[in-house]
Amino acid sequence: MTRPADIYLRFLKLAEAVRGQSSPLVPLDPLEERILEVVAKTNMVKARLCVRDLIGFSELGSPATLHNRLKSMREKGWITLADTEDTRRKQVELTQEALSHFDKLSECLLAAAQAQA
């Protein structure tokens, strides 16, 4: 009998393989991955997320750290900063490449779960 933890461990193995494939995206550091998760979760519910909103997440670091990470993530191709009606505010959005990355991770999750069946 397969334990539920085995499914998760299979997923991690498959996800690691996806990250090892040639990708147009440069890998993220752990803090950047946390920021990406916040952006993705907000994107999933179709809510707007501005840089100022991210600064409100104290667990993501100081405003200076956050700005540096956002700049890095833009350069790596994970996010874009779009203009809003207020030119002083920038909306944080996932790039098409980042969305494709999440699609691949979803496929890994499904494959790990189906391997149990």
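For clarity, every value in this text was computed on a predicted model and none was experimentally measured. (Residues numbered from 1 in each chain as written. Predicted model: local features only at pLDDT ≥ 70, side-chain atom pairs only at ≥ 80, totals over all residues. Heavy atoms only, no water.)

1. What to know about the overall build of the protein chain
Then step 1. Check the secondary structure of the protein chain and you find five helices and two strands.
Then step 2. Secondary structure elements of the protein chain occur, N-terminal to C-terminal, as α-α-α-α-β-β-α.
Then step 3. Dimensions of the protein chain, computed from C-alpha atoms along their principal axes, come out at roughly 55 × 25 × 25 Å.
Then step 4. Within the protein chain, buried positions represent 32% of all 117 residues.
Then step 5. Taking contacts inside the protein chain between residues at least 6 apart in sequence as the whole, the part at least 24 apart equals 61%. (Helix = DSSP H or I, 4+ residues; strand = E, 2+ residues; numbered from the N terminus. Buried < 20%, exposed > 50% of the residue type's maximum accessible area, 1.4 Å probe, protein only. Contact = heavy atoms within 4.5 Å.)

2. Here's the deal with the packing of helix H2 (residues 30–44) against helix H4 (residues 63–76)
Then step 1. Orientation of H2 relative to H4, taken along the N-to-C sense of each, is 85°, at an axis distance of 10 Å. As judged from the angle between their axes, H2 and H4 are roughly perpendicular. Contact residues: Leu31, Glu32, Ile35 and Leu36 in H2; Thr65, Leu66, Arg69, Leu70, Ser72, Met73 and Lys76 in H4.
Then step 2. Taken together, the residues that form the contact of H2 with H4 break down as six nonpolar, two polar and three charged. (Axes fitted to C-alpha atoms, helices over the stretch in contact; angles between N-to-C directions. Parallel < 35°, antiparallel > 145°, perpendicular 65-115°, else oblique. Nonpolar A, V, L, I, M, F, W, Y, C, P; charged D, E, K, R; others polar.)

3. Description of H4
Then step 1. In a regular helix each residue adds 1.5 Å, so 14 residues correspond to 20 Å; H4 covers 20 Å between its end C-alpha atoms and thus fits that length.
Then step 2. By the burial criterion, the buried members of H4 are Leu66, Leu70, Ser72, Met73 and Lys76. Looking straight down H4, one finds that the buried residues subtend no more than 165° of arc, so they occupy a single side. Relative to its buried face, H4 has exposed residues pointing more than 90 degrees away, namely Ala64, Asn68 and Glu75.
Then step 3. Tucked into the core, H4 has its buried residues touching H2, helix H3 (51–55) and strand S1 (79–83).
Then step 4. One or two steps after H4, the chain reaches glycine 77, where phi turns positive at roughly 95°. (Expected span 1.5 Å × (residues − 1). Arc of directions from axis to C-beta.)

4. Some remarks on the pairing of strand S2 (residues 90–94)
Then step 1. Where S1 meets S2, five bridges bridge the pair, whose relative direction is antiparallel. Across the sheet, residue alanine 82 finds its bridge partner in S2, namely glutamine 91.
Then step 2. Between the end of S1 and the start of S2, which pair antiparallel, lie six residues. (Pairing = 2+ DSSP bridges.)

5. Some points on helix H1 (residues 4–20)
Then step 1. End to end, H1 covers 25 Å across 17 residues, agreeing with the expected 24 Å (1.5 Å per residue, within 8%).
Then step 2. Of the residues making up H1, those classed as buried are Ile7, Phe11, Ala15 and Val18. Mapping the buried residues of H1 onto a view down its axis gives an arc of 70°, with all of them on the same face. The exposed set on the far side of H1, more than 90 degrees from its buried face, consists of Lys13, Glu16 and Gly20.

6. Points about the packing of aromatic side chains
Then step 1. Per the counting criterion, the structure on display carries one aromatic pair.
Then step 2. A ring pair is formed by tyrosine 8 and phenylalanine 11, whose centres lie 6.3 Å apart and whose planes are at 40°; its orientation type is tilted. Here the residue tyrosine 8 and the residue phenylalanine 11 both occupy positions in helix H1, the gap between them amounting to three residues, near one helical turn. (Phe/Tyr/Trp six-rings, centres within 6.5 Å; stacked < 30°, edge-to-face > 60°.)

7. So, the confidence of the model for the protein chain
Then step 1. A residue-level look at the protein chain finds 97% of positions with pLDDT of 70 or above and a mean pLDDT of 89.
Then step 2. Here H1 stands out as the least confident element of the protein chain, with mean pLDDT 87; H4 is the most confident, with 95. (pLDDT = per-residue confidence, 0-100.)

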